[in-house]
Amino acid sequence: MSLVRRAVPEDAGEVLRLRQVMIDAMAGAAGAADWHAESLPTLTAELADPDGDFAAFVVDHPERPGALAALVAGTLEYRIGRAGHPRGRDGYVFSVATDPEVRRRGYARACMEELLRWFRDRGAGKIDLHASAAAEPLYASLGFVRKPDPSMRLVL
C-alpha cells in the first residue's frame, strides 16, 4: 500500500505550512506567513474538486498525527496545440516540500511519481517545474532536463 494519497480539504492548513517550508528554503530565510489566512478558502475549494485541474499529493507525517510529511502540487493548463504537442495539455509542478525532520525517506519522490501519473492520465504532453540546485538530482532521475528559459512576467 502506498503512503501517498491525494490531499483533501481538511489538509489545506498543512498544505500551506509545507508550501511555506518550501518558500522559506528557496529564500534561505523564514518569510511572512500572513498570506495563509487569505489563501486558505481558495485552496480548500480546490482540494474539494477531484475533477479540477489542480492536484496535491501528500504523505502523512509518521510521528505527528494530523500533520503532513511531504507535499507535491501541480496544475494542468490548456494551450492551443502545435506540431508534436497537438492536445496542448501541459502540467506544471509548483510546490514540492518535505518537513525538515523527515527528509531523505523518499516521500517527495513518491509524491512526485503520483503527480506525474496524474498528469499522464489527464493527457499532459509535457511538464515543467523550477528546480532548486538541491532538488535537481531528484527531478533529473525522474526524466526532467534543464531548458533555456525565455519567460517574462508581469505582476498585476
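Nothing here was measured: the structure is a model prediction, and the numbers come from that model. (Residues numbered from 1 in each chain as written. Predicted model: local features only at pLDDT ≥ 70, side-chain atom pairs only at ≥ 80, totals over all residues. Heavy atoms only, no water.)

Asks: How would you summarise the side chain of His36 if you had to cite specific residues and measurements?
Replies: Following the sequence through the fold, His36 ends up in helix α2 (residues 36-47). Looking at His36, the relative accessible area reads 18%, which means it is buried. Of note is the side chain of His36, whose polar atom sits 2.9 Å from the side chain of Gln20. (Helix = DSSP H or I, 4+ residues; strand = E, 2+ residues; numbered from the N terminus. Buried < 20%, exposed > 50% of the residue type's maximum accessible area, 1.4 Å probe, protein only. Polar contact = N/O pair within 3.5 Å; in protein donor to acceptor, adjacent residues only side chain to side chain.)

Asks: Mind laying out the nonpolar core, listing which residues take part and the relevant values?
Replies: Counting residues in each nonpolar core, the largest one holds 25 residues, and the members touching the most others are Val93, Met112, Leu115, Phe119 and Tyr139. Contributing elements (two or more residues each) for this core: β2 (54-60), β3 (68-78), β4 (89-98), α3 (107-121) and α4 (136-141). Per element, the largest residue contribution to this core is eight residues, and it comes from α3. Once residues lying within four places of it in the same chain are set aside, the contact partners of Tyr139 are Val96, Met112, Leu129, Ala131 and Phe144. (Core = buried A, V, L, I, M, F, W, Y, C linked by side-chain atoms within 4.5 Å. Contact = heavy atoms within 4.5 Å.)

Asks: Describe the sheet that holds strand β1 (residues 4-6), and please don't skip the residues or the numbers.
Replies: Sheet strands pair via backbone hydrogen bonds, and the direction of the pair is either parallel or antiparallel. Spatially, β1-β2-β3-β4-β5 is the arrangement adopted by the five strands of the open sheet, whose pairing is mixed. Each edge of the sheet is formed by a strand with only one pairing partner; in this case those strands are β1 and β5 (126-129). Neighbour to neighbour, the strand axes of the sheet diverge by 25 degrees on average, direction disregarded. In this sheet, β4 lies alongside β3 in antiparallel orientation, the contact comprising nine bridges. Bridging from a neighbouring strand, Leu71 pairs with Ala97 of β4. The strands that α3 touches are β1, β2, β3, β4 and β5; relative to β3, the one it contacts most, it runs at about 25 degrees. (Pairing = 2+ DSSP bridges. Axes fitted to C-alpha atoms, helices over the stretch in contact; angles between N-to-C directions.)

Asks: Explain the pattern of salt bridges to me, and be specific about the residues and the numbers.
Replies: Under the defined criterion, the tally for this structure stands at 14 salt bridges. When the shortest N-O distance is used, the salt bridge between Arg17 and Glu14 registers 2.9 Å. Note that Arg17 and Glu14 are positioned in helix α1 (residues 12-27) at a spacing of three residues, about one turn of the helix. Among the ionic pairs, Arg79 bridges to Glu77, the shortest N-O distance being 2.5 Å. Assessed through its relative accessible area of 42%, Arg79 is described here as partly exposed. Residue classification places Glu77 among the partly exposed positions, given a relative accessible area of 31%. Via salt bridges that share partners, Glu14, Arg17, Arg64, Asp99 and Glu101 belong to a single interconnected network. (Salt bridge = Lys/Arg side-chain N within 4 Å of Asp/Glu carboxyl O.)

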